[in-house]
Amino acid sequence: MKALSVRDLDVGGRRVFVRVDFNVPLKDARVADDTRIRASLPTLKSILERGGLPVIASHLGRPKGKPVPEMSLRPAADRLAALLGTKVIQAPDCVGPEVDSLARGLRPGESLLLENLRFHPEEEANDEAFSRQLASPAERYVNDAFGSAHRAHASVVGITRHLPRPAAGLLMEAEIEALTRLRDRPETPYVAILGGAKTSDKIDLILNLIDKVTALLIGGAMAYTFLKARGVSIGASRSEDDRIDQARAILTRAAASRVRLELPLDHVVARSPAPGQACEVTPGPAIGDGWVGLDVGPRTREAYALAVAPARTVFWNGPLGLCEVAPYDEGTRAMARAVAATGGWSVVGGGDSIAAINKLGLSSSFSHLSTGGGASLEFLAGVELPGVAALADAGGGVQGPR
Ligand code: ADP
Ligand code: MG
């Protein structure tokens, strides 16, 4: 399915409910990192420039269904107004008569930012009456929050039943396009690099990738679960013991197919992950008692760089080591350079992976940075995301007026 685009909507003079991801970090009631707000600008500008009136909504944090002043979107409204250079009115809530009248009072060039959707438990419950209330001040719906598309919440799914021709925002569109190409039409050789900490979240993804990739390079804390499954000692390193059986099944499947599955050949280890601890490089894949694996070693870096070199397609999720703490960012840094050097089509997914790449100043070396986190991983694993499924099919004929 190709989702209808905000570009195909006739937004002039209409109030457009825009679901964005303004789940930004706050510090002292100010936005500490505005990356996600900036990412929404193309869609908001596209609506404003055509005379549309954005009614913007997002969640922020986990207020658990009640108002929490520290999780108000007010700081985001201030930041958005500064970035757009236009007036952004902050609503006191996300539903109710006052919100409706503020929306109806919008004038061309102005936007309304609703208060945190998750101040109401009905949002996460995808409540029908709440969905209708959310829709009531708007005439069209645009979803630009790909990172929330794997959740069947009221502002993502329920609301789409109450507004005609629900469409994808530009950010959502770019994500769907890049991830569909990766999932359905990757050019080979296709090399996937998987690291990070959350093995349990990524098992389904690995199972799905194993039939498609030429090589699978595993690093990060995830590697220790796989090494343990292979019977290699991992000392005091992190592993997810309840996933060992699944890891073993993946190793068996890779061995039976023609996929090259590579595990680290050596590691950088220390007695503890605390900064400033003396570290060593292991002579081989085994880690001694009392030692913690914190990064891939130099032989692994070299082997992984060689393995990725011929790739026409690269997907990377998860840092190869404890990249927040120097010198354990070396493996991640080396991998980023090696991927950049391939000249192939490359996608990076995962919040921590993107943060690491931004910090290294290498973000422009990749074809697409997928901000979706869990949503990207589910999409690639072949799961139909409820928030994407709820959008109108651009190829499915026009239902109702533009
Ligand atoms: P992403 O957000 O990119 O999907 P994850 O959330 O799965 O990635 O994992 C990122 C985290 O994994 C980072 O905080 C990183 O420090 C940690 N990590 C990676 N390798 C190790 C390791 N060997 N030991 C401890 N933590 C690690
Ligand atoms: Mg993470």
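Here, every reference points to the structure presented above.
Engineer: Any chance you could break down the overall build of the protein chain for me, citing the residues and the numbers?
Structural biologist: The helix and strand inventory of the protein chain stands at 15 helices and 17 strands. The globule rule puts the C-alpha radius of gyration for 402 residues at 21 Å, and the 23 Å found for the protein chain is close to it. Projecting the C-alpha coordinates of the protein chain onto the three principal axes gives extents of approximately 70 × 45 × 35 Å. Put simply, the protein chain has 402 residues, and 54% of those count as buried. Considering only intrachain contacts with a sequence separation of at least 6, the fraction spanning at least 24 residues in the protein chain is 73%. For the protein chain, the computed accessible surface area is about 16800 Å², with 51% contributed by carbon and sulfur atoms.

Engineer: With reference to specific residues and values, describe the packing of helix α11 (residues 298-308) against helix α12 (residues 330-342).
Structural biologist: Here α11 crosses α12 at 20°, and the two axes come no closer than 9 Å. With respect to their mutual orientation, α11 and α12 come out roughly parallel. Here α11 and α12 pass one another in a crossing that is right-handed. Contacts between α11 and α12 involve Arg301, Tyr304, Ala305 and Val308 on the former and, on the latter, Glu330, Gly331, Ala334, Met335, Ala338, Val339 and Thr342. Of the residues in the contact of α11 with α12, the class split is 7 nonpolar, 2 polar and 2 charged.

Engineer: Hey, could you go over the state of the cysteines for me, with residue numbers and the actual values?
Structural biologist: Following the criterion strictly, the structure yields 0 disulfides and no others. Unpaired in this structure, cysteine 279 has its nearest cysteine sulfur neighbour in cysteine 323, at a distance of 15 Å. Judged by relative accessible area, cysteine 279 falls into the partly exposed class, the value being 34%.

Engineer: Tell me about the sheet that holds strand β13 (residues 279-281), and please be specific about residues and values.
Structural biologist: Strand pairing in a sheet takes place through backbone hydrogen bonds and is either antiparallel or parallel in direction. Here 3 strands make up an open sheet; going across it, the order is β13-β12-β14 and the pairing antiparallel. Each of the sheet's edge strands pairs with one partner strand only, and the pair in question is β13 and β14 (292-296). The sheet shows a mean angle of 35° between the axes of neighbouring strands, direction not considered. Of the strand pairs in this sheet, strand β12 (residues 267-270) and β14 are connected by 4 bridges, and their pairing is antiparallel. Its bridge partner being in β14, valine 269 is matched across the sheet by glycine 293.

Engineer: Quick one: what's the story with the environment of glycine 196, residue by residue and with numbers?
Structural biologist: Looking at the secondary structure, you find glycine 196 in the loop between β9 (190-194) and α8 (199-209). Along the chain, glycine 196 and leucine 9 lie 187 residues apart, while their C-alpha atoms are 40 Å from each other.

Calculation notes
- Residues numbered from 1 in each chain as written.
- Chains lettered and ligands numbered in written order.
- Predicted model: local features only at pLDDT ≥ 70, side-chain atom pairs only at ≥ 80, totals over all residues.
- Heavy atoms only, no water.
- Helix = DSSP H or I, 4+ residues; strand = E, 2+ residues; numbered from the N terminus.
- Rg over C-alpha atoms; globule rule 2.2 N^0.38 Å.
- Buried < 20%, exposed > 50% of the residue type's maximum accessible area, 1.4 Å probe, protein only.
- Contact = heavy atoms within 4.5 Å.
- Areas by Shrake-Rupley, 256 points an atom, 1.4 Å probe, with all protein chains shown as cover.
- Axes fitted to C-alpha atoms, helices over the stretch in contact; angles between N-to-C directions.
- Parallel < 35°, antiparallel > 145°, perpendicular 65-115°, else oblique.
- Left-handed = near helix turned anticlockwise from the far one by under 90°.
- Nonpolar A, V, L, I, M, F, W, Y, C, P; charged D, E, K, R; others polar.
- Disulfide = S-S within 2.5 Å.
- Pairing = 2+ DSSP bridges.

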